[in-house]
Amino acid sequence: MPAPLLSLRGMTKSYGQVRANRGIDLDVAPNSIHAILGENGAGKSTLMKLIYGVEQPDEGQVFWQGQPVRLSSPAEARRHGIGMVFQHFSLFETLTVVENISLIVPGTKPELARRIRALGQDFGLEVDPSAHVHSLSVGERQRVEIIRCLMTEPKLLILDEPTSVLPPQSVGLLFDTLRRLRDTGVSILFISHKLDEIHSICDRATVLRAGQVTGNIDPREHDAHELARMMIGRDMPPPLHADIRPVGEKRLELAGLDHVEDDPFAVSLHGVSLTVHAGEIVGIAGISGNGQAELARLISGETRLADGERDEVRMMDQGVAHLGPAERRALGFAFVPEDRLGRGAVPEMSLADNSLLTAHPLGLLRHGFIDRMKEAEFTAACIKDFDVRTPGPEAEAGALSGGNLQKFIVGREILLRPKLLFVAQPTWGVDIGAATAIRQRLIAMRNEGVAVLVISEELEELFEICDRIQVLHKGRLSPSLDPRTSGPEEIGRYMIGANVPASEVA
Amino acid sequence: MFVLPRLIRRERASARMAVLAPIIAIAAAVTVNLILYLVMGKNPGAVFHAMLLEPFMSWASFSEVLLKTGPLLLIAQGLAIGFRAKVFNIGAEGQFILGAIFASAIPVWFPQATGGWIWPAMLILGAIGGALWAVIPAFWRVRLNANEILVTLMMSLIAAQVLNYLLLGPWKDPKGFNFPQSVMFQYDAMVPILIPGTRVNVSLLIALVSAILAWVFMQKSFRGYQFLVGGLAPRAAAYAGFSEARAIWLSLLIGGFAAGLAGAAEVAGPIGQLQRSISTGYGYAAIIVAYLGGLHPIGIVASSLLMAVLYIGGDNAMVSADLPVAAVRVFQGSLLVFYLAATTFVRYRLDIGHDAKGGTP
């Protein structure tokens, strides 16, 4: 092995009682794509923060091209040639794409805009440089992050779960990009939960478990099962078989919904028809930014329509389009939004207080006052049932890792015993163990006769759990497809708009 | 190479810093202001004595502190509820004036009336007046998304002119030698004295009760919780279906109600008539009080007492240490600035001395 580009020796970092990293050694070779594997809370994000200079280690030494260095800030790391794309984005929402990039990359705005377009075309990361970030979907924001990093021409690029929001076609393109970058002398640290991706692109993998290195291997020589075992230290539970069952009554119905958004950067919906029955899981596939966020808000009630349009969205056999989220929840609706921090949960509040957010109708209130005992009981039950790794109900939601917070929010909504459960991106950024658990809970809900609607960008996930799949493309929804008879290719065609949408057939 | 200290976000809010912040702010404000007095050629020792010790050294002056505490406490409790929901009512001064005007209507129009109902009716009317003045910014905010900070502030300036108009015109005391003030109120229009021999009246009790109510509302009630969610994470409030419009309306109405009540208690208490100088900036000082108390009902009880000491002590210092009136305002302002700076460390910690020159240049 050639002299490593980056070496870590004995990196240790604690947050209070939690020992996030314990004596980690890592060597990243030049011209390599190096995977960092691990469950949520295994210490991957902490390790990346140490490398990128966001946090300082308690102990340990970093060597960069053989020289001992101290990475005291991200600016310092960038000066050495280390770039990072975060899982939680660091973009200013009120600025445009090009303005965000000009904060870090020198150059005039027209020049930068030209480079953004060029990089977007080269790497399949197309984004409008003049769009405001607040109007972009999560997937589009990640594209901006990746482009911004590529513009600083790093020698080492850290990608924190880069494929989680990309459509399958773009994943292939991104991998081409990464390989091309590697061949031009850039090393890549690739954090992922997706074992097949690591198989197909990485030439080295370091597996972390509970803050320690449990394996240092060539992923091409080990199968997914072995990798998973190193990562979670146990065998994966078998997937629940989603058998075909007779379905019950309609719990959600949209019949040709048209919705024009005021925001010019938002996606308007055209003729969206969608029905979810009791006892089935309907999945909405599609590349992010095709109207998922807008559709989700219309179903959740965060976007309300006028009184006269109440039948545009029907739930439990009632027109609800004019009702707000709380009134829809009163009918038996529950919802897990795609963004957890700041929408699904209040980061500064304790988990107990975050239970109250939507679970207050479960007897957590008495005459308009909070029953702290009931609140704590509910929270403890949710933490236990859904295996949320946290010191306790008093922990702040913002201190939990993404996957643990997701388990908490999904758990909270499931414990509401809804008639209609709507989950957007159920396993985005969640490790395999937790993702499997969440999927099994969704299937269990379906088997109990709950109507479940799932929006996801992970096709495999939808194939695994859904009875029917519809594809959203440019604000239009495809006809219902059966995952047992339709192949991924057919759904993929709808995703890129190669099939004629149903609304135009009718 | 010189390295600037850096702020690093803490894993979670530090409870210790939350308690220490106001203490640090007071210490820093005292230090800086004493230096300022020294530069001005005043004797800092004398100023310190007059300002911070004298208010406690006689029952007479401490009772005056209590008298000032009442309105500050009342207004600040009302404002803090809105501030925690991130509804910034900066116009308590105007709502206070409207409360005073509404309350004065009874003794001005019925100067001969007698009966124990008069002062409670005045307080209620004053509270309604303050709340009505807050209706206007609430309506514009909900309907047109007009910034409530600007509207409430401008409404305060209008309120001052309404007061001027009344005192120079229809409500001027005909036997008042053309001074811009109303008639002196009759005995039954005065709030009963709480502590005999002082000017401290029942309104202090009302203010303390309001602190308890505010505590119950913010810490125990679901509505108070909804306000907090709306302030901390507006999108989470929208997701859960908590009405933003209702939070704005309630925040402003509660703030206006409390300020109006304080205004009424002031004219029906120590002043005894409607005058131009009914408020010595209570509405603005209460903003400082609310933040200095950490927007927490219990903290506000302590901070309103402190601010009242500064009012009385400032007056003392003007007399005995020859301090200009602006110096008191500077003290108040620097207190808020230091407090806001100190609260940064509740969520952040300072990283000093970590040299960044580790890497080879």
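This report concerns the structure included in the present document. Not measured: the values here are computed from a predicted model. (Residues numbered from 1 in each chain as written. Chains lettered and ligands numbered in written order. Predicted model: local features only at pLDDT ≥ 70, side-chain atom pairs only at ≥ 80, totals over all residues. Heavy atoms only, no water.)

Section: the sheet that holds strand β11 (residues 250–259) of chain A
Residues and elements named next belong to chain A.
- Judged by pairing direction, the sheet is antiparallel, and its four strands sit side by side in the order β12-β11-β14-β15 without closing on themselves. The open sheet terminates on both sides in strands that have one partner only, identified here as β12 (269–277) and β15 (318–319).
- Here three bridges tie β11 to strand β14 (residues 313–315), and the two strands are oriented antiparallel to one another. Pairing of Leu 252 across the sheet is with Met 315, part of β14. (Pairing = 2+ DSSP bridges. Helix = DSSP H or I, 4+ residues; strand = E, 2+ residues; numbered from the N terminus.)

Topic: the nonpolar core
- Core analysis: the largest hydrophobic core is formed by 103 residues, its most contacted members being Leu 252 and Ile 299 of chain A.
- Among the elements that take part in this core, helix α14 (residues 432–447) of chain A stands out by supplying six residues, more than any other.
- In this structure, this core is formed jointly by two domains, domain 2 (248–332 + 419–506) and domain 3 (342–417) of chain A, each of which donates at least three residues.
- If we ignore the near neighbours within four places in the chain, the residues touching Leu 252 of chain A are Leu 274, Thr 275, Val 276, Ile 299, Val 313, Arg 314, Met 315, Leu 420 and Leu 453 of chain A.
- Among the nonpolar cores identified, the runner-up in size contains 82 residues, and Ala 29, Ile 106, Leu 167 and Ala 317 of chain B belong to it. (Core = buried A, V, L, I, M, F, W, Y, C linked by side-chain atoms within 4.5 Å. Buried < 20%, exposed > 50% of the residue type's maximum accessible area, 1.4 Å probe, protein only. Domains from an automatic or database assignment. Contact = heavy atoms within 4.5 Å.)

Observations concerning the interface of chain A and chain B
- Chain A puts 40 residues into the contact, and the matching count from chain B is 28 residues.
- Contact with chain B buries surface across chain A, with Arg 70, Met 349 and Leu 357 of chain A losing the most and accounting together for 17% of the total.
- Put simply, chain A and chain B have eleven residue pairs in polar contact (both at pLDDT 80 or more) between them.
- Secondary-structure elements contributing two or more residues to the side of chain A that touches chain B are β5 (67–69), α2 (74–80), α10 (325–330), β16 (333–336), α11 (351–359), β18 (369–370) and α13 (402–415) of chain A.
- The element that contributes the greatest number of residues to the side of chain A that touches chain B is α11 of chain A, accounting for five residues.
- A per-class count over the side of chain A that touches chain B returns 18 nonpolar, ten polar and twelve charged. (Buried area = accessible area lost by both parts, 1.4 Å probe. Polar contact = N/O pair within 3.5 Å; in protein donor to acceptor, adjacent residues only side chain to side chain. Nonpolar A, V, L, I, M, F, W, Y, C, P; charged D, E, K, R; others polar.)

Brief notes about the sheet that holds strand β7 (residues 156–160) of chain A
Residue and element names in this part refer to chain A.
- One open sheet accounts for six strands, arranged β6-β7-β8-β3-β9-β10; its pairing is mixed. Each having just a single partner strand, β6 (82–85) and β10 (212–217) make up the two edges of the open sheet. Along the sheet, successive strands turn relative to each other by an average axial angle of 20°, direction set aside.
- Bridge count between strand β3 (residues 33–37) and strand β9 (residues 204–209): four bridges; the pairing is parallel. Residue pairing for β9: His 34 is matched across the bridge by Arg 204. (Axes fitted to C-alpha atoms, helices over the stretch in contact; angles between N-to-C directions.)

Focus: the packing of helix α5 (residues 118–144) of chain B against helix α10 (residues 244–271) of chain B
Residues and elements named next belong to chain B.
- For the pair α5 and α10, interaxial distance at closest approach is 6 Å and the crossing angle is 145°. Between α5 and α10 the crossing geometry is right-handed.
- Classifying every residue of the contact of α5 with α10 gives 20 nonpolar, four polar and two charged. (Left-handed = near helix turned anticlockwise from the far one by under 90°.)

Side note on the packing of aromatic side chains
Residues and elements named next belong to chain B.
- This structure, assessed with the given rule, holds 16 aromatic pairs over all chains.
- When the ring of Trp 59 is compared with that of Phe 62, the centres are 6.3 Å apart and the planes differ by 40°; the resulting orientation is tilted. Taken as a pair, Trp 59 and Phe 62 lie in helix α3 (residues 59–84) at a separation of three residues, close to a single helical turn.
- Aromatic side chains Tyr 225 and Phe 242 sit 6.2 Å apart centroid to centroid with 75° between the ring planes, which places their arrangement in the edge-to-face category. With a gap of 17 residues between them, Tyr 225 in helix α8 (residues 222–232) and Phe 242 in the loop between α9 (234–240) and α10 connect regions that are remote in the sequence.
- Classification of Tyr 225 as buried rests on a relative accessible area of 3%.
- Among the residues examined, Phe 242 registers a relative accessible area of 9% and is labelled buried. (Phe/Tyr/Trp six-rings, centres within 6.5 Å; stacked < 30°, edge-to-face > 60°.)

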